[in-house]
Amino acid sequence: FMLTIFIHGVHGATSRNFLMNDNVQGAEVRNNTLQKNWWTPDNPTNDWVMNREMAHMMGGFSGNIYENPDFIRIRDVSFSYDLPQSLIGRAGFNRLRVYMTGRNLATITKWTGMDPDLYDQNSQRAIPMQKEYVFGLSMGF
């Protein structure tokens, strides 16, 4: 049996979170994927200004929202088993390994965007990293 685990992470960075922009209009609306706790007269919260066009402008200037994109990601986990020679020798193999691999299985972060590893506006609005599962057989003759 063999088990390998690869963990990847980032610590100590600051990144602009483009998905936190309030002034999202037109076709960009479909890319605004965050649920925000907007201020309303019935919900007087300080989380977000009211949901109205140009509400984010204060004195004619708009602020950018920066966040801590620190994360730990379980990037790759592989588990394999080499079948014993006594079992595979009769079939004409020198080696027969069965394996399974999982990629991007979990990300631990406080980042409110889709993926803390994506750093620019277009990347943050693209498809986030997918989980992958691979099952295989490695044979040696």
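Now for a description of the structure that goes with this document.

About the cut-offs
- All chains use their own residue numbering, which begins from 1 and follows the written sequence.
- Predicted model: local features are reported for residues with pLDDT of at least 70 only, side-chain atom pairs are reported and counted for 80 or more only, and whole-chain, interface and lining totals are derived from all residues.
- The side-chain values count all of the structure's non-hydrogen atoms but skip hydrogen atoms and water molecules.
- Each helix is a run of H or I in the DSSP string that is no shorter than four residues. Each strand is a run of E no shorter than two, and both are numbered from the N terminus.
- Here, two residues are considered to be in contact whenever any of their heavy atoms come within 4.5 Å of each other.
- Here, Shrake-Rupley sampling with a 1.4 Å probe gives the accessible areas, and only protein chains in the shown set may cover a residue.
- Only protein chains enter the accessibility calculation, which uses a 1.4 Å probe; a residue whose area is less than 20% of its type maximum is buried, one above 50% is exposed, and one in between is partly exposed.
- By the criterion applied in these results, polar contacts are pairs of N or O atoms within 3.5 Å in which, for protein atoms, one can donate a hydrogen and the other can accept it, and in which residues neighboring in sequence qualify only through two side-chain atoms.
- Strand pairing is assigned whenever DSSP identifies at least 2 bridges connecting the two strands.
- Geometry is summarised by axes, namely lines fitted to C-alpha atoms with helices restricted to the contacting stretch, and by angles between N-to-C directions that run from 0 to 180 degrees.
- Pairs were defined over the aromatic rings of Phe, Tyr and Trp, the Trp ring being its six-membered one, requiring ring centres within 6.5 Å. Orientation was assigned from the angle between planes: stacked under 30 degrees, edge-to-face over 60, tilted for the rest.

**Points about the overall build of the protein chain**
Tallying secondary structure elements over the protein chain gives two helices and six strands in all. Starting at the N terminus and ending at the C terminus, the protein chain contains elements arranged as β-β-β-β-α-β-α-β. A fraction of 72% describes how many contacts in the protein chain between residues 6 or more apart in sequence connect residues 24 or more apart. Total accessible area on the protein chain is roughly 9900 Å²; 56% of this is exposed by carbon and sulfur atoms.

**Section: the side chain of asparagine 17**
Looking at the element boundaries, asparagine 17 is found in the loop between strand S2 (15–16) and strand S3 (66–67). Here asparagine 17 falls in the buried class, since its relative accessible area comes to 0%. Looking at asparagine 17, its side chain comes within polar contact range of the side chain of glutamate 67, at 2.8 Å. Within the local environment of asparagine 17, its side chain forms a polar contact with the side chain of threonine 112, the two groups lying 3.1 Å apart.

**So, the sheet that holds strand S4 (residues 71–82)**
Taken in spatial order, the four strands line up as S1-S4-S5-S6 in an open sheet, and their pairing is antiparallel. Of all the strands in the sheet, just strand S1 (2–10) and strand S6 (132–140) have a single pairing partner and so form its edges. The sheet shows a mean angle of 15° between the axes of neighbouring strands, direction not considered.

**Observations regarding the pairing of strand S5 (residues 95–109)**
Where S4 meets S5, 11 bridges bridge the pair, whose relative direction is antiparallel. By the bridge assignment, serine 80 is partnered in S5 with tyrosine 99. As defined by bridge partners, S5 adjoins S6 across nine bridges and the pair is classed as antiparallel. Following the sheet pairing, arginine 95 is matched in S6 by glycine 140.

**Things to note about the packing of aromatic side chains**
Scanning the model with the defined rule gives three aromatic pairs in all. Ring geometry for phenylalanine 1 against phenylalanine 79: centres 5.7 Å apart, planes inclined by 25°, an arrangement best described as stacked. With phenylalanine 1 in the segment before S1 and phenylalanine 79 in strand S4, the pair connects residues that are 78 residues apart, well separated along the chain. Overall, phenylalanine 1 belongs to the exposed group, its relative accessible area being 73%. Ring geometry for phenylalanine 1 versus tyrosine 81: centroids 4.6 Å apart, planes at 40°, classification tilted. Residue phenylalanine 1 is found in the segment before S1, and its partner tyrosine 81 is found in strand S4; the two are separated by 80 residues along the sequence. Following the ring pairs from residue to residue traces out a cluster consisting of Phe1, Phe79 and Tyr81.

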